[in-house]
Amino acid sequence: MISDKRIGVLGGGQLGRMMAEAANRLQLAVHILDPAPQAPAKQLLAAYPHVHASFSEPTAIQQLAAECDVLTVEIEHVDAKALAQVACPVQPAPSTIALIQDKLQQKRHLRSHSVPVPDFVECASVAEAERAGEAFGYPLMLKARRLAYDGRGNAVARTADTCAQAYGALGSGDAQKVGGVYAERWACFRKELAVMVVRSADGQVASYPVVETVQRDNICHLVLAPAEVPSSVADEARRVAEMAIKTLEGAGIFGVELFWMEDDSVLVNEIAPRPHNSGHYTIEASETSQFENHLRAVAGLPLGGTALKVPAAVMINLLGGPGLEEAARASLSVAGATLHLYGKPEARVGRKMGHVTVVGESVAAIMQKAQPILAAIDATTT
Ligand code: ATP
Ligand code: MG
Ligand code: MG
């Protein structure tokens, strides 16, 4: 109807599932490549043939490409080389996915395009990490170059004495397993911010409002939309985020994680070449959700508006753990709340099992309304 392009998605987790929800409403065909036959995204897409194999397996990627007109991703840890060799278009570009997979190359790329980032340096040994500590001071953030998520590729050295220990923690003692290590200057941020940016197939870029993200144990806990920051900071955050995305190739939605620093500068932490946890609120609160705009961009359709259509929204992640069910149930009695459960079979502790978005007149008013949900989470995590 609006597009007969079959869209192949590498990865079938919650981001693929929410893409599928948007695709179903728009009558767009989505085929999923994921090892789990009952992956969250596949549960919603009975009409299409899916591929039950790893998204890092070249033959499986070729099979998906043979059945589709365009490929995209819901996770960046895919085989980017195999993606670069398929016959159909891939959005965003495989070169963009490959660049983002290596967090050190990503930072080098951003710095070379004058996008502000924290100071960083490659550390091929513990001695080099110690030298980075002398240059940047402590605490010092050490990061794995590859396969990072939810802070699992990060280790903090509090003092020079703990550098070796922090370094050894990455890649379980074998830094090469994670493609090597680099060090970053500690960012004493006022707030962590994020901006979703969408780029159409013809190169137009549009950003969503700036939100604040609150992490717990390196995992996103809350997203507050819009972020409470001076308007000059919000403008700068959107400018920096759009500037960063303009340096990358390909269409789709991107999540840009940012630090708002003491001196009011805004630094890029990292970029996700896909829908992002900080953009889930857009389903209920924005003119067009991040998932719909991603599909529109990938399918070559016109982009939808990115403005908020309610004054404010708060997104609360529901992680695996003893408080999960109670928090989900509590959300059913909160005015303005929408519950999303991802259909994951196993509620491992810390795993993203669902989220709740609450809309309202202001972030402060929503935080009041959301107390029963937050209390259920806190009752078991503190
Ligand atoms: P994601 O799940 O977002 O992909 P990740 O594993 O790639 O996470 P980062 O985003 O690099 O990890 O870092 C996780 C969190 O650690 C950040 O959200 C931030 O709270 C903190 N952090 C990262 N870099 C720094 C830094 N240089 N200084 C201080 N804190 C930092
Ligand atoms: Mg990351
Ligand atoms: Mg991150």
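Residues numbered from 1 in each chain as written. Chains lettered and ligands numbered in written order. Predicted model: local features only at pLDDT ≥ 70, side-chain atom pairs only at ≥ 80, totals over all residues.

A. Fine view of the sheet that holds strand β4 (residues 120–123). Strand order in the open sheet made by the four strands is β4-β7-β5-β6, with antiparallel pairing throughout. Two strands close off the open sheet at either side, each with one partner strand: β4 and β6 (154–157). Put simply, the sheet's adjacent strands are angled 25° from each other on average, direction ignored. Pairing of strand β5 (residues 140–144) with strand β7 (residues 181–185) involves five bridges; the strand directions are antiparallel. Residue pairing for β7: Ala 144 is matched across the bridge by Val 181. (Pairing = 2+ DSSP bridges. Helix = DSSP H or I, 4+ residues; strand = E, 2+ residues; numbered from the N terminus. Axes fitted to C-alpha atoms, helices over the stretch in contact; angles between N-to-C directions.)

B. Quick look at the site of ligand 1. Met 141, Ala 148, Gly 151, Glu 184 and Ala 187 are the nearest of the 19 residues found near ligand 1. Split into classes, the residues belonging to the shell around ligand 1 amount to six nonpolar, six polar and seven charged. (Near = placed C-beta within 6 Å. Nonpolar A, V, L, I, M, F, W, Y, C, P; charged D, E, K, R; others polar.)

C. Representation of the UniProt feature "domain: ATP-grasp" (unreviewed entry) in the protein. In the UniProt entry, the feature "domain: ATP-grasp" (unreviewed entry) is given for residues 107–299. Between the C-alpha atoms that bound residues 107–299 the distance is 29 Å, and the span itself is 28% helix and 32% strand. (UniProt positions renumbered as here; feature names shortened; annotations may be inferred.)

D. Molecular detail of the sheet that holds strand β1 (residues 6–10). Pairing is parallel in the open sheet, where three strands are placed in the order β2-β1-β3. Each edge of the open sheet is held by one strand with a lone partner, namely β2 (29–33) and β3 (70–73). Taking each pair of neighbouring strands and ignoring which way they run, the sheet shows an average axis angle of 30°. Bridging between β1 and β3 involves four bridges; their strand directions are parallel. Among the inter-strand pairings, Val 9 is bridged to a residue of β3, identified as Thr 72. The strands touched by helix α1 (residues 14–26) within the sheet are β1 and β2, with β2 carrying the most contacts at an inclination of about 165°. (Contact = placed C-beta atoms within 7 Å.)

E. Representation of the nonpolar core within the structure. Grouped together as the largest cluster of nonpolar side chains are 101 residues, with contacts concentrated most on Met 19, Val 195, Val 256, Leu 258 and Val 314. Sorting elements by how many residues they give to this core places strand β14 (residues 312–319) first, with seven residues. Those residues in contact with Val 256, other than ones at most four positions away along the chain, are Ala 194, Val 195, Val 197, Ala 241, Ala 244, Ile 245, Val 268 and Ile 271. Core analysis: the next-biggest nonpolar cluster, separate from the first, contains 19 residues, Ala 129, Met 141, Ala 144 and Cys 163 among them. (Core = buried A, V, L, I, M, F, W, Y, C linked by C-beta atoms within 7 Å. Buried ≥ 20, exposed ≤ 12 C-beta atoms within 10 Å, placed from the backbone.)

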